[in-house]
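Here's the letter readout for the chains.
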Amino acid sequence: MKIIEAENLKKDYNGFSAVKGVNFHINRGEIFGFLGPNGAGKTTTINMLTGLARISGGRVKLLGEDYTRNHKKAQAMMGIVPDESNLYEELNGWENLCFCGALYGMERDRREKRARELLEQFGLEDASSKPFKAYSKGMKRKLTIAAGIIHEPEILFLDEPTTGIDVAFARQIRNLIVDLHDRGTTIFLTTHYIEEAERLCERLAFIVEGEIVREGTVEELMREAQGENIVNFTLGGDFNEVKKEFKAVFPDYGYRIGRDSVISVHSPEAFSLLPLVQFFEERGLPVYEAKIARPSLEEVFVKVTGIELKKMQNQKEGRG
Amino acid sequence: MKTWIAFANILMKDMRNYYLKPPNISWGLIFPVAWTLMFFLRSPVAVEVRDLLPGVISLSILFGTTSMLAVTITFERKSRSFERLLLAPISLNLLMLAKTSGAIIFGMVNAFIPVVFAAFLTSLQGINWLMVLTSVIFIAITSTFLGLFIAVSVSQVFEAQTFSNFFRFPMIFLCGLFIPLQDLPVFLQPLSYALPLTYGADILKTAVNDNGIIPVPLSFLVLLAFSALLFAYSIYNVNRKWIS
């Protein structure tokens, strides 16, 4: 079931098109990722979906109901975690959570119970009475996520949740995202970390310069990028001794000799492993490992967008 | 969705975090005392406290409300915590009313501090207290919405202060608070009548000393019109600039 549908969604700023008519949907219960470089239109899209930016064209639906011109009803079902923590610096963790619950009309008992649960779930009980300004960056991000889900939203928007925080906290936050997903929360995630998208998301869209250049499940995207089938064999002998025979027996297969006795066999068609394993074994070359080589999502992204990932990450993290 | 819970919590948070902080309470006490003393010291003739009261009440409200609201909203905008309010499922009108209610209450409390001081110095008999209370409410609302108008017109905290003074200081001298309107140069009088505080101060003059010159119902109507206009324009600006 589709929870969010964006149809030909556009955003113009004084003649500049930040988002150029994107179409996508998010299924209930899935983690949908928006992957793209700085300035691609990720945050603008989130802002349009959540009501922080006016929509210049197209429409958005929540559970089939058009809310393009009236976000207020839809906002009750949304949790939003922006790319920078936006809680109140002078309030402590507990007060921030309770205040955010109150903004969604939660009664005192319910919001206090929920705040206690979240502080425990996010490992922030000991910091609950500290002012938010005294939190580390990772703790701030965790509390901001907790504030985003205090009212148990149908869908959670996470804008670059792990950008700029250390590895340990980033790992904790990824685990929290998986945990939220396991509990049934639909998640819209924007990120520029390809491995994060690959690990967390069920479906992905690549957005570049305000346009979705590719969309699909991780499997679909990888399949598209895979030009040929490759299997890497780790052998217990010298392949050079049998390579002429190999060519004669398997004329349609190509091969590359790699390091450490690894032979990559490739073919445009899918192939069966058994004849190959038998071939090597019968010629005294034991097969220690046979591994199907798949392109990484990184390769897919680079192939589709032409953008170098390292450059994209450095740009986002302000490293030039 | 129980919107009153959101409204009440925004109001209570603002009261706790901004308005009930010691510096603001002391501001509310020092400001009227300073103004009263200034007139006592500078006036060549004996000054009657009761004559000063409408002016000091008006200024206490004006400065209290505009300073606080303009600065707090600009500050929350800068720290992005205001975004959290914009993302809450409550209407923009209700949100802005919740944000301004704290300032209105603060302005009303500020208004009665000079009254308490005056009670020790002069007789307050014969004052129309109902009219004082009503005018204080109206002045507090109009001044707060002026603060809101300032807050949504600027983007930096220092700009909010400067822009506030652009409106406040002319009002001190042009609203008949300390210089009667009829004594102002003729070319300045139309400007006086274009300022909301002129009407609020005049109601207070009628209520305290029965020497106002503008019909009271007209003054209330004008204050109401200013409030509606400032609020509507502020909402328009929020929609145009902050949800762009």
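Quick note: structure is the one above.
Each value, and the rule that gives it
Residues numbered from 1 in each chain as written. Chains lettered and ligands numbered in written order. Predicted model: local features only at pLDDT ≥ 70, side-chain atom pairs only at ≥ 80, totals over all residues. Heavy atoms only, no water. Helix = DSSP H or I, 4+ residues; strand = E, 2+ residues; numbered from the N terminus. Rg over C-alpha atoms; globule rule 2.2 N^0.38 Å. Buried < 20%, exposed > 50% of the residue type's maximum accessible area, 1.4 Å probe, protein only. Areas by Shrake-Rupley, 256 points an atom, 1.4 Å probe, with all protein chains shown as cover. Expected span 1.5 Å × (residues − 1). Contact = heavy atoms within 4.5 Å. Polar contact = N/O pair within 3.5 Å; in protein donor to acceptor, adjacent residues only side chain to side chain. Buried area = accessible area lost by both parts, 1.4 Å probe. Salt bridge = Lys/Arg side-chain N within 4 Å of Asp/Glu carboxyl O. Core = buried A, V, L, I, M, F, W, Y, C linked by side-chain atoms within 4.5 Å. Pairing = 2+ DSSP bridges. Axes fitted to C-alpha atoms, helices over the stretch in contact; angles between N-to-C directions. Patch = residues over 30% accessible without salt bridge, like charges linked within 9 Å, V, L, I, M, F, W, Y side chains within 5 Å. Parallel < 35°, antiparallel > 145°, perpendicular 65-115°, else oblique. Left-handed = near helix turned anticlockwise from the far one by under 90°. Nonpolar A, V, L, I, M, F, W, Y, C, P; charged D, E, K, R; others polar.

Regarding the overall build of chain B
Looking only at helices and strands, chain B features 10 helices and zero strands. The C-alpha atoms of chain B give 18 Å as radius of gyration, which agrees with the globular expectation for 244 residues (18 Å, within 12%). The buried share among the 244 residues of chain B stands at 54%. Summed over all atoms, the accessible surface of chain B reaches about 10600 Å², with 72% contributed by carbon and sulfur.

Here we look at helix H6 (residues 167-182) of chain A
All names here are of chain A. Look at H6: 23 Å from first C-alpha to last across 16 residues, which is about the 22 Å you get at 1.5 Å a residue. Contacts made by the buried residues of H6 are with strand S3 (31-35), helix H4 (108-121), helix H5 (137-149), strand S7 (155-159), strand S8 (186-191) and helix H7 (194-200). Backbone nitrogen of Ala168 and a side-chain oxygen of the N-cap are separated by 3.2 Å at the start of H6; the cap is Asp166. Where H6 terminates, the next one or two residues include Gly184, which has phi positive at roughly 105°.

Some words on the interface of chain B and chain A
Listed per partner, the contact involves 27 residues of chain B and 30 residues of chain A. Both sides together, the interface formed by chain B and chain A hides about 2700 Å², and carbon and sulfur atoms give 55% of it. Three residues, Arg80(B), Arg84(B) and Leu87(B), lead the burial of chain B against chain A; their summed loss comes to 30% of the area buried on that side. At the boundary of chain B with chain A, the tally comes to three salt bridges. Residue Asp83(A) is joined to Arg80(B) by a salt bridge in which the shortest nitrogen-to-oxygen separation is 3.3 Å. On the surface where chain B and chain A come into contact, there are 12 residue pairs in polar contact (both at pLDDT 80 or more).

Things to note about the environment of Gly237(A)
Residue and element names in this part refer to chain A. With respect to the secondary-structure elements, Gly237 resides in the loop between strand S11 (229-235) and helix H9 (243-249). Spatially, the C-alpha atom of Gly237 lies 41 Å from that of Cys201, the residues being 36 residues apart in sequence. Those residues in contact with Gly237 that sit more than four places away from it in its chain are Ser261 and Leu285.

Notes on the nonpolar core
Grouped together as the largest cluster of nonpolar side chains are 113 residues, with contacts concentrated most on Ile4(A), Phe188(A), Leu59(B) and Met96(B). Broken down by element, the residue count for this core peaks at 13 residues, all from helix H3 (residues 49-78) of chain B. Residues contacting Ile4(A), with those up to four places away along its chain left out, are Phe24(A), His25(A), Ile26(A), Leu49(A), Lys61(A), Leu62(A), Tyr67(A), Met78(A), Ile155(A) and Phe157(A). Counting residues in hydrophobic clusters, the runner-up holds 46 residues, among them Leu35(A), Ile149(A), Leu204(A) and Val218(A).

Describing the sheet that holds strand S4 (residues 57-62) of chain A
All names here are of chain A. Taken in spatial order, the four strands line up as S2-S1-S4-S5 in an open sheet, and their pairing is antiparallel. Each edge of the open sheet carries a strand with a single partner, namely strand S2 (16-27) and strand S5 (65-66). As paired strands, strand S1 (residues 2-13) and S2 are joined by nine bridges and run antiparallel to one another. The residue bridging Lys11 from the neighbouring strand is Val19, located in S2. Taken strand by strand, helix H1 (residues 42-50) contacts S1, S2 and S4, and its axis lies near 115° from that of S1.

Brief notes about a nonpolar patch on the surface
Residue and element names in this part refer to chain B. On the surface, a nonpolar cluster with roughly 830 Å² of combined accessible area is contributed by Leu20, Ile25, Leu29, Ile30, Val33, Leu37, Phe40, Leu41 and Phe117. With seven residues, the top contributor of residues to the nonpolar patch is helix H2 (residues 22-42). Along the chain, Ile25 turns up in helix H2.

Focus on the sheet that holds S11(A)
Residue and element names in this part refer to chain A. A sheet is described by the order of its strands in space; here four strands give the open sequence S12-S13-S11-S14, paired in antiparallel fashion. In the strand order of this sheet, the two ends are held by strand S12 (254-257) and strand S14 (287-293), each with one partner. On average, adjacent strands in this sheet sit at an angle of 20° to one another, irrespective of strand direction. Note: S11 against strand S13 (residues 262-267), six bridges, orientation antiparallel. Its bridge partner being in S13, Asn229 is matched across the sheet by Ser267. Here helix H10 (residues 274-282) sits on the sheet in contact with S11, S13 and S14, set at roughly 25° to S11.

Overview of the packing of helix H1 (residues 3-19) of chain B against helix H5 (residues 92-121) of chain B
Residues and elements named next belong to chain B. Contact geometry for H1 and H5: axes closest at 9 Å, N-to-C directions at 40°. In terms of axis orientation, H1 runs oblique to H5. Judged by the twist between their axes, the crossing of H1 over H5 is right-handed. For the pair H1 and H5, the contacting residues are Thr3, Phe7, Ile10, Leu11, Lys13, Asp14, Met15 and Tyr19 in the first and Leu94, Leu95, Leu97, Ala98, Lys99, Ser101, Gly102, Ala103, Ile105 and Phe106 in the second. Of the residues belonging to the contact of H1 with H5, the class tally is 12 nonpolar, three polar and three charged.

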